[in-house]
Structures are given as structure tokens and as C-alpha cells.
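# Coordinate inspection notes
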Amino acid sequence: MKSEIVIQVRLQPRSAAVNLLSQQIPQGEPRGSNLLRSIRAALNGSAPDGVATTYAPCFTDGSDSWVEQELSWNNRCVILSHGGVIRRKWDFVEEEQSIQYACLGRFAHSTEATGPVHGSAHYTTSKEEYTHTGPAGDALFGPFHAINEDKLKNELAQEVVPAVFVFLRSIGKVFLSTGVDYTFSLPFLVRKAWPLYPHGVLIQRVLEPAEIEEARFTGDTLLPTIFSITNAFAEPAAIGITAGIVGGRGDTPISLSDEDEQCSKPLAAVSASEEVVWVSTHNSNIDVLITFNEEIRQLVVWRYTYVKPKGIFDPIEHGRTKASFWVQRLATRPLTKLPGRWMEGFSAALFDQRHDGSEFRTLLTICIPGTQALVYALPVDEAGQCLHANYLTTIDATSVTPIRSTRAETWDLLVVRSGGTVSILTHGLHDLPIQLCLSTSRSVQTQGAGQLSGVEVNNIVAAKWECISSVTLICSGGESYRGRFDMLPQDPLVYQALRVLALVLPKQEAFDVHRKFLEAWTPHYFWTSSNMEFHALSVAISFVLQLKPVYPLKDDKPPSTPWDKFCHLAADSRSFTDDPALQRLKLPVSPISRQYFLFTLQPNPLLAPVLYALHMLAEDLRLAVHRHDSLLLLVPLVCQIAHITRPEWVDYWKRLCPNIMPAWPSPSTVRADTLDDRIPVWPPDMTAVLYGRLSNPDWKFLPYESTRLASLFDIQPSFAFGDAEPLLTLQRVTTAYLCLAGDSVASTQRRAQLTVETLIQTWGTAKKGLRFLDSLPLGIAAPLREAIRTCQLSPPGNWRSEHYKLVGRQDLAFSVAEVQPVHFQQGLYQSPETYMNSHHRVTISNLVDQAKSASNGEIDVVSASARLVERPDLNEHDQAKEQQHQVVRLAERTLALPYGRAMFTFGTVQTVTREAYVIPKMEFSVRIQPSNVIATPEPGKIPLECTNWGEFHNGVAAGLRIGPGARGVESSWIAFNKPSELTPQHAGFLFGLGLIGHLKEMLTWHTFGYLTPNMISRPLAFCLALRR
């Protein structure tokens, strides 16, 4: 059967990065003997022969969409592209090492510029750093206490940023998106690397044959081959094996089930015989890796997680101090018959992560070429919060990849069938066939809806995921096609309706509605204009409920003119009334044939739950002022269904929206056999419910939850979108109204306080809470605003700053805020009377006058101190002597300027660049006017010690310009600014850096160059700075 859902694909050309790297590869086989070629292969290791490429999505700042990242490399060069545009290029010719592998990932680095770097090159600075607390609580001698204090201080000063990892033969490099890069040593060859969550990479080293032979001869166990790298200053850590990983879903922290045991025994690492074949991307609450054991021919599924090492500086070593990533064995699968090079076509995917009504689970598919794909369910044990694997079934697939296609919060599975076709598994394992069509230029004027042109693309053998919804499809002939399988509704009303219907319809019917909606939307090329999405949804609901349109008045006269044909377009004619130029435009008369109502011959039991769900969706839209346009679009569909099963509900909406339907069905057309008594005669009116809560506090009701609707009709719902609430406005309003009245709290003041606390608990900040109140109708928001006003006069004293901001008490918010404005650093807020009496309004003219007087006074002082006193009574020789005296006096004044500049510019530089740091030069020359003669102090007039002392303090002032929290001040930066000839000025600069704590970044080998005996001031200042 031919699929009705068509996806346009296009031929994928090679990217600019691949073309550039391909030009650098020499053509032809390298000449030489077999021995020479073997030596070259041994030296290159696992370096690629051609160009290798990997992809990863990236969410860019300032944008609301994902950008595809492409990382391409050959044996000498790495190129990073964003959206096909080359952004960065790294060349490693000078390293004289081949690139073994490269990958994209995330890396955590410290943002604290003055934080210490602990390691073999760390320079300890004072005796206080060697004190730690002993068993009795006394301060003892040792470095552990100071290191732990620094570790806790900088623990929150870490930032996780995108990074590029490049592995050469003996070194590895990490290039962060912020411009920082790290280099670390590699004690082995890297075969392959995968990004890990939340940061770091997983690497598998090359297992040398000599190492295997040695282990067989000695009987020793092979060293692990799988490691993780999370810190550029630490060696690669092995992956630990645990009995179970607990938590990780929601706000539950992750921990190990055998925590105490791991803290008392050596690390149990993953065996060296395990070879990593797949690592999941983080698209679920769990992360999985799959390994293959060649010795026993077994595939192993592991769950991995990051757990911060415990007690790194504890002298007693155990498993928790060694590993950062831990794995839990979930499932094993013996593999007896495997085709050759099967790992190249191996694929796996995590998809459909959601709550299915009974438990939260994720589906895992493992696809091995030549065999049926395996499907596992990975549910979370609610009691122990531990994950386990259950085998479900097998499916026909040659390649699989996860994509975000039909649901925003849940991933679907793209499956390549053995026949060369493509399908999407959504709503669990429901099959959604896809027809691939080569994208061609289409003309909307000449081609009507439902007539999709293009050449069909068949014989697909593999699919590779690239970015969210984008996939590269590979045909049997080697052609590559790029397709974007994004079929998410862009209309919030349509997506919200699908989510609501998934909570009241069974699995098959909910899937049928979604499938029929996509089939009705695809002829319009998934356009979002002119309410095409909602029209497609109406068609899908009518199809599933077996409803057919009936036209009571049919117009057989076809339109005669193009102007009459205008009314047949799907565009809403009401949109023309907003244009002042078209206010008097006489629109064509709407044809009578477009006025219809829905009719069914056989009553469907699902009419009542669908009507109830759509009615509650309309009630939710009534509470959002900015979504009334969506309400006017939904009400006609609600009335059409209500006319069949409960006509009284039509009367309810007729009173609220009298002109919403072109023609109201006659009550005489209602059939008694289609009425459903499972729903009340009068529909639920949420505004009346909220008013009843205030007028009758004894009335008990719960906050609204759509998950309770299915229980009214004895239906096991689909939960295709999970159990999250789709009608959030309705739920949040009812939750807030529950606090306004009730027997549990008798005090009106306390009920108002509970309302304010509920709003902050729901929204987090006062700004979002006030924005929510502004989006509600005036009558609904009035009681909530009155509760806020009640708390304004006498709010509780234990609230946070956001509570006080919500009730309009900025004074109290400032007093309890962690970060306060400059005027409120003391935690006190001035009353309005005190503020008005002590602060006078400053006008622009006052500011100008103050600036003029201040600048004139400053100029006078500077001019008076720098002006040469004219002595016309002296002869030429005496004038020259007097001028020289004035030059020496100005030189002494210049030597004193660094003190004031240090105070004036202290901490003004917050970020240092990679350029040389410039220290202002001290100038002692004086230009004499009007003769325009430059006079300099005579040699010997200023002692050398005075000049050195002034230059020293000039360097101190330059060093104090750098703030204590400035970024980029590292040991390499300090060494980079070291002059070729060391001067007192640079000694003062080092002393200034030491005063504010930046010399803690100095590495040991960088300090040796400063401790030379040819100048006393420099090593003395350096030692004093280190002491500081």
C-alpha cells in the first residue's frame, strides 16, 4: 500500500569542509616496500586514510532553533562547520603527529580566574594551605584541608561549554567554544571516542598485540581499554561497574546502589575484552552504551551515568576515588552468526521515552545487519528508582535512528525496512509509512493540493542521524539524500488538542487521529498558513469518529469570475478588516455550499470522551486572553460534535459565541439514539466552578487534571504524549483558587499568603507570576490580585525576595535579596520620607554645571603643579638652571603618580586578552612653551634607586588594574608577558598580581625563570607575592 505521507528529500552534496580536506590528501598509493608501508601504518595508528565526519546538534545563543554542527578531519587538519559554513580550522602539521580521532562534545572548565590548578605543577604558597582538620577537629599540618576548601569554593564556578576533542598519537587537545584550549598527554593510542553526558568523552584505546601475548604468557588480566576524560589536568579514568544506578529522573539525584561497597574496595572496571559499538546521544532521562565481547560473542547493554568522584584527596584509595563514570549492566544478548564487518552497519536508538500510564519507560532498538532488530523496554522501578531491561519483540529493520518528528517532547524511531522503504515508529511501535519524493520546484498556481510532484526515492539501505529531525539516507547505489522529517504542528491549538485527545482515546484510535491528521496535512506541504493545520485535524477527528459533512443547502452554480472564486480560498476573510485601506472593500458572498453540519448513521462511543476533552480545551482557552482567536477556531468543531451527542452543550457555546457558526443546526435534526448519558446535560463551566469555590468554601474539588477524564468513560488512554498536563492554564488557575477559600485555613490573611506562595511556587519568579495574571480575564484575575493586595500591608517575615516583589514590596525584597543594589548593601531600605528629604532631584543643568566646575578645578590643580614659573629677571644661564630644577620637581611628581592611579583604576580590567599586557610608560621629559624645547633631567639628578622605586610602583599599579575575578589570567598568560630583559617595572607587575591572588595560577616550571640572582627587587617581589 502506498503511503499518503510524503517527505521531500534532496541530493546531499559534499560539504565545503570535506571538499577542502579532500584536496589535501595525496592521490594514489604511497610508494615503497611492504615493510615500509607496514611501518607507516604502525606509526599512523588508527588515523583515517581519507576524510572522516561526525555530526552533532547545537543550540545557538540568540536563536530559537538548532544548528547542525559538522566536524571533519583527515590525518593533519580538523574543520568545524555550522550549518554548512566553515567556522574554525585547526592544523596539526607542526605537531608532526597524525590525528587518530576527533569528536564533538561538552567540557566543564572552571570560570574562576583565580582558582588554583592542583596537580603536579601546582605551586603552594603559604603555610596556611598545609593545615587540615584532624579527627579531634584541630588544625593539623597538611595540604588536604586547603585543597578541599579551594575545591568547595570553585565547585560552583564551573561552566559546561561545547568543545572539540582532537586525539593525536601522544597528546590530546580540547578546543572550547569560548576560545580556551587545553593540551594533555595520552599514554596510549585512541581508536575511537564518543561524547558523554553531561560532559567529557569516552575513549577506547588500541589494544596492542604484544600486550595480549604478554598477558597470556604471564596470566595477568589485561588493563582496561575504555576510559573517560573529564579533566584536562587529570589522567584518563577507567569506567567503573556498579550493581545499580539509582535516581536520575526528575529532581532525584543520581547515586550508586552499592555506594558503601564501592567506597571500601578497589575499582571494578569494564573488562578489556569489551569493545564499544554504540553510545547514545542524550535524548532521554537515561544514557546507554553497548559493547561487544568477542571472546564469548556477546552483546552487552549498559546504562552509564556521571557521579562526581568522592574524596579525591583521601589518602586511602578506593573505587569511588578513581572513576567519574559508572555503568550498570542491563541486558546481554548472545550473537552466534554475524556477517563480516557488521559493526560498520550497526545502529541503535533510544526512543518513545514517556509515562505510559503505569510506569515511565524508554524503548531501545538494536539493529544488527542480517538479523531482526531487537526491541527492549527500559522501565524505571518506582520503588527503587533503578532501571532494568525487558525484551519486547523484534521488528523488520536494516537501520534505525532516533528523530524528533511527530512529538516535541518525545523521540520517534526512523526505520529502514529490508525492502528499501522508510517508516516512522511513533506512539510506541505503531508504524507510520513514509513515501520519499525527490524535491523539485513546485508551482502553487498550477498545482493543486494533493498533487505532489517529484520522483520517488526507493532502495534505502541505511539512515544516519545528523540534527534533531534531519537524516541522511543512503541508497543501494551509493547516493545520499538529505531529508527533514519535522512533522510537528506549529499551531499551539492543534498540538494541544492532540495531547488532550491522547488522554481520552485508546491507543489505536489516538494513533489513527494523529496519522490521519498528517495524511490530511501532507498534501499542503505541511504549510501552517490559513489554519491548514486545524482543518487537517478536523478532518482526522471526523474520520476516526465516522462523521460525515451534510450540506443542507447546496449551491450548484459554479463561480463565474475570479473575484467570486476568491471566497473558495482557505484564507480567513476577517483578516482583511484590520487593514485601513480595505475597510470599505466589498468581499464576495460566501457560497451556501460551505455551510454544513456533521452527521453519523451509527453512534460512536468515543463521541462523548472526544467532546468532553475538546470542551475542556475550549474552557482552558477561555482563561487565556491572548488565545481567544484559537477559541473561535475550536468552538465550531465542539458544537458540531455536541449537536450529535449532547445538544445542550451547543446552546452553552451559542450564548458565549453567537456568531461563531455560519448556520446553527435545527434542534429537530437531533437523534435520540445518538445521545450519550455518560456526560452531564449541562457542560462544565469553569468560570462558574471558580466562582462557586469563592461563594461556597465548603465545596470540595481538586485541581484540574486531564488524566482523570478517561476514567469517566472506562477507557484505557493512549498516553502517547506522556502524562504531562496539556491544559496548564486551567490547572494553574484552579490550584490558585483552592487557596482562596477552605476550612483548613480560617484566617483571610493566611489564605491570601498561601495564594501568593502558590503563585511563586508555580512560576518561580514574580515577573512570570504577574505576566500570568495579566493573561487572565479581568474577572478571573481580580480575586487573585485582591489576595496579593491583602498581603502587601503586612507580609510574613520568612518570605523570599520573589514573594515580596509579587506583592509590590520592593523594600523588603531588597532587604532579603542575596545580591542587592549598591544603595542597599547594608540590608536597609530608606523610607519614602527619608529618601525625599535626603535626595534632591538633579536636573541636566545641574549636572552640566557640576561637570564644568569639577573639570575646571581639576585642570587648575594639574596645571598649577605642571606649570613652569617664568622668571624674566634672570639671565639665560640662570633660566636654564631654574628650568632644570622645575624638570626635576615634575619628575618627582611623576614618580608619585602610580599611587593615585592604582587607587583610581583598581579592578577595572575584568577580562584579559591574548595580546601583550601594556604597562604605561613613565615619561620624565618636559616640553617648554612657547619655545617648544624638550627638557629632560640631567644624569645623576634623579638617583637610580628612586627611578627603580617609581617604576616598581608603576608596575604594581598596572597589576592592580586586573580585577581579582578577571578571566584569562593563567600561568601561560603570565609567562607570555615576561619581557626579554627583566625590569623593576615587571617586578612590580608581578607583585601587583600577587596582591590580588593571581600568582596562585603560576606553575612550578614557570617560577624558576624569575628566581635569578641578577636583580634583588624582582625575586624579592616575586617571593613576597607568592607569600601573599
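Numbers given to residues run from 1 along each chain, matching the order in which its sequence is written. Given that the model is predicted, a residue must reach a pLDDT of at least 70 before its local features are reported, and side-chain atom pairs must reach 80 or more before they are shown or counted; all residues, however, enter totals for whole chains, interfaces and linings. Hydrogens and water are ignored here; the side-chain numbers use all heavy atoms of the structure.

## Topic: the overall build of the protein
Spelled out, the test is: Numbering of helices and strands runs from the N terminus, with a helix taken as a DSSP run of H or I at least four residues long and a strand as a DSSP run of E at least two residues long. Residue exposure (1.4 Å probe, protein chains only): buried if accessible area is under 20% of the type maximum, exposed if over 50%, otherwise partly exposed. Any two residues whose heavy atoms approach within 4.5 Å are treated as being in contact. The Shrake-Rupley method, run with a 1.4 Å probe, gives the accessible areas here. Residue values count only the displayed protein chains as cover.
Across its full length, the protein carries 28 helices and 39 strands. Looking at the protein as a whole, 45% of its 1028 residues are labelled buried. Put simply, 63% of the contacts in the protein that link residues at least 6 apart link residues at least 24 apart. When the accessible surface of the protein is split by element, carbon and sulfur atoms take 55% of a total near 53800 Å².

## Things to note about the sheet that holds strand S6 (residues 101-110)
For clarity, the threshold we go by: Any two strands with at least two DSSP-identified bridges between them are counted as paired. Note on definitions: angles span 0 to 180 degrees between N-to-C directions of axes, and those axes are lines fitted to C-alpha atoms, for helices only across the stretch in contact.
Taken in spatial order, the four strands make up an open sheet running S6-S9-S10-S11, and their pairing is antiparallel. Because the sheet does not close on itself, it has two edges, and the strands there are S6 and strand S11 (181-185). Across this sheet, the average inter-strand angle for adjacent strands is 30°, counted without regard to direction.

## Quick look at the packing of aromatic side chains
The line we're drawing: Only rings of Phe, Tyr and Trp enter the pairing, Trp through its six-membered ring, and a pair is recorded when the two centres are within 6.5 Å. The plane angle decides the type: under 30 degrees is stacked, over 60 is edge-to-face, the rest tilted.
What the rule picks out here adds up to 28 aromatic pairs. Between Trp342 and Phe346, the aromatic rings sit 6.0 Å apart at their centres with planes inclined by 75°, giving edge-to-face as the arrangement. Across the pair, Phe346 and Trp342 agree in class, each one buried. Consider the rings of Tyr376 and Tyr391, whose centres lie 5.7 Å apart with planes at 70°: the pair is edge-to-face.

## Digging into the side chain of Asp685
Defined as follows: What qualifies as a polar contact is a pair of N or O atoms within 3.5 Å, subject to a donor-acceptor requirement within protein and to the restriction that residues adjacent in sequence count only when both atoms come from side chains.
Mapped onto the elements, Asp685 comes out in the loop between helix H13 (647-656) and helix H14 (686-695). Polar side-chain contacts of Asp685 include one of 3.2 Å to the side chain of Tyr652. In this view, Asp685 contacts Glu619, Arg622 and Tyr652; residues no more than four positions away in its chain are not counted.

## A short note on the nonpolar core
To keep it simple, the criterion reads: Only buried residues count toward a nonpolar core, which is a set of Ala, Val, Leu, Ile, Met, Phe, Trp, Tyr and Cys residues joined through side-chain atoms within 4.5 Å.
Counting residues in hydrophobic clusters, the biggest one holds 116 residues, and the most contacted among them are Leu436, Phe485, Ile541 and Ile641. No other element matches the eleven residues that helix H11 (residues 607-622) contributes to this core. Here Ile641 is in contact with Ile541, Leu545, Leu547, Leu607, Val610, Leu611 and Leu614, once residues within four sequence places are set aside. Grouped together as the second largest cluster of nonpolar side chains are 36 residues, Phe167, Val174, Ile203 and Ala238 included.

## Overview of the pattern of salt bridges
Using the following cut-off: Salt bridges are identified by distance alone: a Lys or Arg side-chain nitrogen within 4 Å of an Asp or Glu carboxyl oxygen.
Tallied over the full model, the rule gives 30 salt bridges. Here Arg361 makes a salt bridge to Asp352, at a shortest N to O gap of 2.7 Å. We note a salt bridge from Asp512 to Arg515, for which the minimum N-O separation is 3.5 Å. Taken together, the residues span about one helical turn, with Asp512 and Arg515 both in helix H8 (residues 507-521) at a distance of three residues. By relative accessible area, Asp512 is classed as buried at 16%. Here the salt bridges share partners, and the residues they tie into one network are Asp352, Arg354, Asp356, Arg361, Arg407 and Asp412.

## Description of the sheet that holds strand S14 (residues 226-229)
Strand order across the open sheet formed by four strands is S12-S13-S14-S15, with antiparallel pairing between neighbours. A single partner strand is all that each edge strand has here, and the edge strands are strand S12 (190-195) and strand S15 (237-238). Pairing geometry for S12 and strand S13 (residues 201-205), over five bridges, is antiparallel. Paired with Pro195 across the bridge in S13 is Val201.

## With respect to the environment of Trp302
Inspection of the secondary structure puts Trp302 in strand S21 (residues 298-306). By relative accessible area, Trp302 is classed as buried at 2%. Separated by 28 residues in the primary sequence, Trp302 and Leu330 place their C-alpha atoms 5.4 Å from one another. The contact partners of Trp302, leaving out residues within four places of it in the chain, are Ile241, Asp287, Val288, Leu289, Thr291, Val327, Gln328, Arg329 and Leu330. Only 2.8 Å separates the side chain of Trp302 from the side chain of Thr291, close enough to count as a polar contact.

## Here we look at the packing of H8 against helix H9 (residues 532-544)
Counted only if it meets this: Any angle that is under 35 degrees is reported as roughly parallel, and any over 145 degrees as roughly antiparallel; angles of 65 to 115 degrees are reported as roughly perpendicular and all others as oblique. Crossings are sorted by hand: turned counterclockwise from the far helix by less than a right angle, the near helix makes the crossing left-handed, and turned clockwise it makes it right-handed. Note on residue categories: nonpolar means Ala, Val, Leu, Ile, Met, Phe, Trp, Tyr, Cys or Pro, charged means Asp, Glu, Lys or Arg, and polar means any other residue, Gly included.
For the pair H8 and H9, interaxial distance at closest approach is 8 Å and the crossing angle is 135°. Between H8 and H9, the angle falls in the class oblique. Read as a crossing pair, H8 and H9 show a hand that is right-handed. Between H8, through Glu509, Asp512, Val513, Lys516, Phe517, Ala520 and Trp521, and H9, the contact on the second element is made entirely by Glu533, Ala536, Leu537, Val539, Ala540, Ile541, Phe543 and Val544. Residue classes in the contact of H8 with H9 are distributed as eleven nonpolar, no polar and four charged.

## Observations concerning H14
What counts here: Working note: the arc is built from the helix axis to C-beta atom directions.
Where H14 is concerned, the buried positions are Met686, Val689, Leu690, Gly692 and Arg693. Axial view of H14: buried residues confined to an arc of 160°, hence all on one face. Buried positions along H14 lie against H11, helix H15 (728-738) and helix H18 (778-793).

## Quick look at the pairing of strand S28 (residues 412-416)
Counting buried residues in S28 gives five out of five residues, a clear majority hidden from the surface. Burial along S28 is two-sided: Asp412, Leu414 and Val416 and Leu413 and Val415, pointing in opposite directions, are all buried. Judged from the five bridges that link them, strand S27 (residues 399-403) and S28 form a sheet pairing that is antiparallel. Across the sheet, the residue bridging to Pro402 is Leu413, located in S28. Counted between consecutive antiparallel strands, the loop separating S28 from strand S29 (residues 422-426) contains five residues, among which Gly420 sits at a positive phi close to 90°.

## Overview of helix H7 (residues 492-501)
With nine of its ten residues buried, H7 lies for the most part within the structure. Residues of H7 that are buried: Leu493, Val494, Tyr495, Gln496, Ala497, Leu498, Arg499, Val500 and Leu501. Looking at the buried residues of H7, the elements they touch are H8, H9, H11 and helix H12 (628-645). For H7, the N-terminal cap is Asp491; the gap from its side-chain oxygen to the backbone nitrogen of Leu493 is 3.1 Å.

## Some points on the pairing of S27
Among the five residues of S27, five are classified as buried, and the element is accordingly described as predominantly covered. Alternating residues of S27 divide into Ser399, Thr401 and Ile403 and Val400 and Pro402, and every residue in both groups is buried.

## Some details on unusual backbone geometry
At the junction of Tyr197 and Pro198, the peptide bond is cis and its omega measures out at 10° in the coordinates. Relative to the helices and strands, Pro198 resides in the loop between S12 and S13. Here the phi dihedral of Glu96 falls at roughly 55°; this positive angle occurs in a residue that is not glycine. Take Glu96: it is sitting in the loop between strand S5 (85-91) and S6. Not every positive phi belongs to a glycine, and Arg341 is a case in point at roughly 55°. Here Arg341 is to be found in the loop between strand S22 (325-334) and strand S23 (347-355).

## Structural notes on the confidence of the model for the protein
Note the threshold: By definition, pLDDT measures how confident the predictor is in each residue, and it falls between 0 and 100.
For the protein, per-residue confidence averages 81 on the pLDDT scale, and residues scoring 70 or more make up 77% of the total. Here residues 570-574 is a poorly scored stretch, pLDDT under 50, and it has three contacts once near neighbours within four places are set aside; other chains count. Contacts of residues 820-829 to residues separated by more than four positions or lying in other chains number eleven contacts, the stretch itself having pLDDT below 50.

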